[in-house]
Amino acid sequence: MYDTLLGQLMSLRIEPGSRVTIDVLARELGVSQTPIRDALNRMEAEGLVVRVPHAGYRIPPQITRRRFEDMLEVRLLLEPAAARRSAERASLAQVAGLRAMLEEMAELEGGSGPAAYGAFGLRDAAFHDLVALSAENQVIRESLARLHSHVHLFRLHHDTQVTHLAMAEHEQIVAAIAARDPDAAAYAMRRHILRSGERFRRLFDEAKDADAVALEA
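Read on for a plain summary of the structure. (Residues numbered from 1 in each chain as written. Predicted model: local features only at pLDDT ≥ 70, side-chain atom pairs only at ≥ 80, totals over all residues. Heavy atoms only, no water.)

1. Quick look at the overall build of the protein chain
Part 1 of the argument: A count of helical and extended segments in the protein chain gives ten helices and three strands.
Part 2 of the argument: Secondary structure elements in the protein chain, listed N-terminal to C-terminal, are α-β-α-α-β-β-α-α-α-α-α-α-α.
Part 3 of the argument: Computed over C-alpha atoms, the radius of gyration of the protein chain comes to 18 Å, within 12% of the 17 Å expected from 2.2 N^0.38 for 217 residues, which places it in the range of a compact globule.
Part 4 of the argument: Dimensions of the protein chain, computed from the C-alpha atoms along their principal axes, are close to 55 × 50 × 35 Å.
Part 5 of the argument: By residue count, 41% of the 217 residues in the protein chain fall in the buried class.
Part 6 of the argument: In the protein chain, the proportion of contacts linking residues at least 24 apart, taken out of those at least 6 apart, comes to 78%.
Part 7 of the argument: Roughly 11100 Å² of accessible area belongs to the protein chain as shown, and the carbon and sulfur atoms make up 52% of that amount.
Part 8 of the argument: Averaging the locations of the 27 positively and 31 negatively charged side chains of the protein chain gives two centres separated by 4 Å. (Helix = DSSP H or I, 4+ residues; strand = E, 2+ residues; numbered from the N terminus. Rg over C-alpha atoms; globule rule 2.2 N^0.38 Å. Buried < 20%, exposed > 50% of the residue type's maximum accessible area, 1.4 Å probe, protein only. Contact = heavy atoms within 4.5 Å. Areas by Shrake-Rupley, 256 points an atom, 1.4 Å probe, with all protein chains shown as cover. Lys, Arg positive; Asp, Glu negative; His and termini not counted. Charge placed at Lys NZ, Arg CZ, Asp CG, Glu CD.)

Written as C-alpha cells, this is what we have:
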C-alpha cells in the first residue's frame, strides 16, 4: 500500500497541496483502513505527507528550486561513489537484479497515463536503491533513501520524454557495473544525474518565465 500511494504522488493523481483522508483512500482503493493508515504514518515520518489534526493529511507543495539544487548536489556527492563501489563489489545476482529492473522499466517506458508514469518512477527509485545496495555502503544507501529524490522529481511534471532518456542512461550505468569498470560506472552515474538535473531544472525556469509574463499582463 505504501508503494501504491507513492505511485499516486509521483503520477500527480494525488496533487500537491491537496488533502487526503484514510476513509476516502480506503474506499477508492478498495482496502481496509489499516494498511492506508500504516502507509500514511510511514509517509508522515518521511516528510511526504503532513498530518492535519481532525482533518486527515495534507500533501506538501512541490519542492522549491533551492531544495532541488541542494538535493542534486547531495546526489552528485553520493551516487557516483555508490556506482563506483557497485562496479567493485556487486555480486552476479545483484547485476542480474539491475538488468531485471531495466527490463521492468522498459515495459513501462512506452506506457501512457499517470499510472504508468508513477509506476516507472517507483522502479526508477528502486533502480538507484539497488545500485546503492550493491555498493555495500549502508550509510550511502540510507542517506539517499531519506532524500526521496525520485518522489519529488516525478511530482514536478508528467513527461514521458523523461522516462525515455533515463532508460538509456541507466543502461550505460549497468553496462559499466557489469564490466567491473569503477571509473566508467561513476562517470555514467554522474552524467545521468547532471542530465536529469538539466531536464527537471527547465521546469523551474519555465514556471519563472510564466510568472513573469503573468506580471506583465
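2. Here's the deal with the side chain of Ser 134
Part 1 of the argument: Tracing the sequence through the fold places Ser 134 in helix 6 (residues 114–134).
Part 2 of the argument: If we ignore the near neighbours within four places in the chain, the residues touching Ser 134 are Arg 85, Ser 86, Arg 89, Ala 90 and Gln 94.

3. What about the environment of Leu 72?
Part 1 of the argument: Along the chain, Leu 72 falls in helix 4 (residues 65–89).
Part 2 of the argument: Once residues lying within four places of it in the same chain are set aside, the contact partners of Leu 72 are Ile 193, Gly 197 and Arg 201.

4. Describing the packing of helix 1 (residues 2–10) against helix 3 (residues 33–45)
Part 1 of the argument: Relative orientation of the contacting elements helix 1 and helix 3 amounts to 60°, with a least axis distance of 9 Å. The orientation of helix 1 with respect to helix 3, classified from their angle, is oblique. Where helix 1 crosses over helix 3, the handedness of that crossing is right-handed. From helix 1, Tyr 2, Leu 5, Leu 6 and Leu 9 reach across to helix 3, where they touch Ala 39, Leu 40, Arg 42 and Met 43. (Axes fitted to C-alpha atoms, helices over the stretch in contact; angles between N-to-C directions. Parallel < 35°, antiparallel > 145°, perpendicular 65-115°, else oblique. Left-handed = near helix turned anticlockwise from the far one by under 90°.)

5. A look at the packing of aromatic side chains
Part 1 of the argument: Applying the stated criterion across every chain yields a total of zero aromatic pairs.
Part 2 of the argument: Above the face of the Tyr 2 ring, Arg 42 is positioned so that its terminal group lies 3.5 Å from the ring centre. (Phe/Tyr/Trp six-rings, centres within 6.5 Å; stacked < 30°, edge-to-face > 60°. Lys NZ or Arg CZ within 6 Å of the ring centre and 35° of its normal.)

6. Things to note about the pattern of salt bridges
Part 1 of the argument: Within this structure, the stated rule accounts for twelve salt bridges.
Part 2 of the argument: Glu 79 is the salt-bridge partner of Arg 75, the closest N and O atoms lying 2.6 Å from each other. Note that Arg 75 and Glu 79 are positioned in helix 4 at a spacing of four residues, about one turn of the helix.
Part 3 of the argument: By relative accessible area, which is 3% here, Glu 79 ends up buried.
Part 4 of the argument: If you follow the salt bridges from partner to partner, you end up with Arg 65, Glu 69 and Arg 201 in one network. (Salt bridge = Lys/Arg side-chain N within 4 Å of Asp/Glu carboxyl O.)

7. Quick look at the packing of helix 4 against helix 6
Part 1 of the argument: Axis separation between helix 4 and helix 6 bottoms out at 7 Å; the angle between their running directions is 60°. When the axes of helix 4 and helix 6 are compared, the pair comes out oblique. Seen along the crossing, helix 4 lies across helix 6 with a hand that is left-handed. Residues Arg 75, Glu 79, Ala 82, Ala 83, Arg 85, Ser 86 and Arg 89 of helix 4 form the contact with helix 6, whose own contacting residues are His 128, Val 131, Ala 132 and Ser 134.

8. What about helix 6?
Part 1 of the argument: The end-to-end C-alpha distance of helix 6 is 30 Å, a good match for the 30 Å that 21 residues give at a rise of 1.5 Å each.
Part 2 of the argument: Among all positions of helix 6, only Ala 116, Tyr 117, Gly 118, Ala 119, Phe 120, Gly 121, Asp 124, Phe 127, His 128, Val 131, Ala 132 and Ser 134 are buried. (Expected span 1.5 Å × (residues − 1).)

9. Quick word on the nonpolar core
Part 1 of the argument: Counting 58 residues, the largest nonpolar core has Leu 40, Met 43, Phe 127 and Ile 177 as the members making the most contacts within it.
Part 2 of the argument: Sort the elements by how many residues they give to this core and helix 4 lands first, with eight residues.
Part 3 of the argument: Excluding its chain neighbours within four sequence positions, the residues that come into contact with Phe 127 are Leu 98, Met 101, Leu 102, Met 105, His 170, Ile 173 and Val 174. (Core = buried A, V, L, I, M, F, W, Y, C linked by side-chain atoms within 4.5 Å.)

10. Re the environment of Ser 18
Part 1 of the argument: By the secondary structure assignment, Ser 18 is in the loop between helix 1 and strand 1 (19–20).
Part 2 of the argument: For Ser 18, a relative accessible area of 23% gives the class partly exposed.
Part 3 of the argument: Sequence-wise, Ser 18 and Pro 60 are 42 residues apart; in three dimensions their C-alpha atoms are separated by 7.9 Å.
Part 4 of the argument: Residue contacts for Ser 18: discarding those within four places in its chain leaves Tyr 57, Arg 58 and Ile 59.

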